Amino acid sequence: MEQDPKTKRYELGLRFLEFGQMVKEKMRLSEHVYPIMKRLAGKVEESIFLTWLDKSDGVTVEIAESTHRIKYEVSLGTRTPLYAGASCKVIMAYLSKEKQLEITREGMKAFTKNTILDEEILLSDLDEIKKKGWCYSVGEFSDAVFGLGVPLFNSQNEIIASLTISGPEYRVEEMDFEVALTHLLQEAKEIQGYLNHFSSHYK
């Protein structure tokens, strides 16, 4: 259990996701969010990932897979540092500057040759992501994999998650980027509505 410092109420921690379905069932993600993700996967023909903020990491809590035989595969419960890849960096961009610096100074490691390890460059990148409202990356966490992610918030407008389109880099040229981003933003808006309702009723 984890205690919310503001409300003093106890909540199930995200680490349970790595051992079972407790948090996922509590939020009823499969019932309310997965159909939206599946619809988006059909529109853009790539896999869709819901990534949740847990301290200095992003945790994969739901996946709607692409129908392509070749696709980017991640297991539920996968934990990724916030400084690498679109699904995590779009979350990190909305954290306080103090938290961003805490993460960078805990130590960063290269997952690929494209992982940004320079603090100044990373912080500048995060500022730009926040201005745009979305993040696009290629090969930062996994080689030859692209990600296009947008942020998701709770009812207090605090960053809690992200929704991301991801797939093999070579298929980016086949994808209409602007259309994919439009679809992503539209479906994220619907998921955001559910998250607003959930977080306002289950604090």
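Report on the accompanying structure.

Criteria and thresholds
- Residues numbered from 1 in each chain as written.
- Predicted model: local features only at pLDDT ≥ 70, side-chain atom pairs only at ≥ 80, totals over all residues.
- Heavy atoms only, no water.
- Helix = DSSP H or I, 4+ residues; strand = E, 2+ residues; numbered from the N terminus.
- Buried < 20%, exposed > 50% of the residue type's maximum accessible area, 1.4 Å probe, protein only.
- Areas by Shrake-Rupley, 256 points an atom, 1.4 Å probe, with all protein chains shown as cover.
- Salt bridge = Lys/Arg side-chain N within 4 Å of Asp/Glu carboxyl O.
- Pairing = 2+ DSSP bridges.
- Axes fitted to C-alpha atoms, helices over the stretch in contact; angles between N-to-C directions.
- Expected span 1.5 Å × (residues − 1).
- Polar contact = N/O pair within 3.5 Å; in protein donor to acceptor, adjacent residues only side chain to side chain.

1. Points about the overall build of the chain
When helices and strands are tallied, the chain shows seven helices and eight strands. For the chain, the proportion of its 203 residues judged to be buried stands at 49%. Accessible surface, the chain: about 10500 Å² in total, of which carbon and sulfur atoms supply 51%.

2. What about the pattern of salt bridges?
Under the criterion given, the structure shown has twelve salt bridges. One salt bridge in this structure joins Asp 127 and Lys 97, with 3.2 Å as the shortest N-O distance. Taken as a pair, Asp 127 in helix α6 (residues 119–132) and Lys 97 in helix α5 (residues 97–105) lie far apart in primary sequence, 30 residues in all. On the accessibility criterion, Asp 127 (36% relative accessible area) is partly exposed. Here the salt bridges do not stand alone but share partners, grouping Arg 39, Lys 43, Glu 187 and Glu 190 into one network.

3. With respect to the sheet that holds strand β7 (residues 145–153)
Pairing in this open sheet of six strands is antiparallel, and the strands run β5-β4-β3-β8-β7-β6 from one edge to the other. Edge positions in the sheet fall to β5 (79–81) and β6 (135–138), since each has one partner strand and no second. Averaged over all adjacent pairs, the angle separating strand axes in this sheet is 30°, with direction ignored. Where strand β4 (residues 57–64) and β5 come together, three bridges link them in antiparallel fashion. Residue pairing for β5: Asp 57 is matched across the bridge by Pro 81.

4. Some details on the pairing of β6
Judged by which residues are buried, β6 turns out to be one-sided: Cys 135 and Ser 137 face inward and are buried, whereas Tyr 136 and Val 138, on the alternate face, are not. Here β6 runs beside β7; their pairing, made up of four bridges, is antiparallel. For Cys 135, the partnering residue across the bridge sits in β7 and is Gly 149. Taking the residues that link successive antiparallel strands as the turn, the β6-β7 hairpin has six residues, and the phi of Gly 139 there is positive, at about 65°.

5. Section: α6
Under the 1.5 Å per step criterion, the end-to-end length of α6 is 20 Å for 14 residues, consistent within 8% with the ideal 20 Å. Where α6 starts, the residue carrying a side-chain oxygen 3.0 Å from the main-chain nitrogen of Glu 120 turns out to be Asp 118. One or two steps after α6, the chain reaches Gly 133, where phi turns positive at roughly 90°.

6. Examining unusual backbone geometry
For Ala 144, which is not glycine, the phi torsion reads 60° and is therefore positive. Its place among the elements puts Ala 144 in the loop between β6 and β7. With a phi angle near 65°, Asn 157 is a residue other than glycine that sits in the positive phi range. Mapped onto the elements of the fold, Asn 157 is located in the loop between β7 and β8 (159–168).

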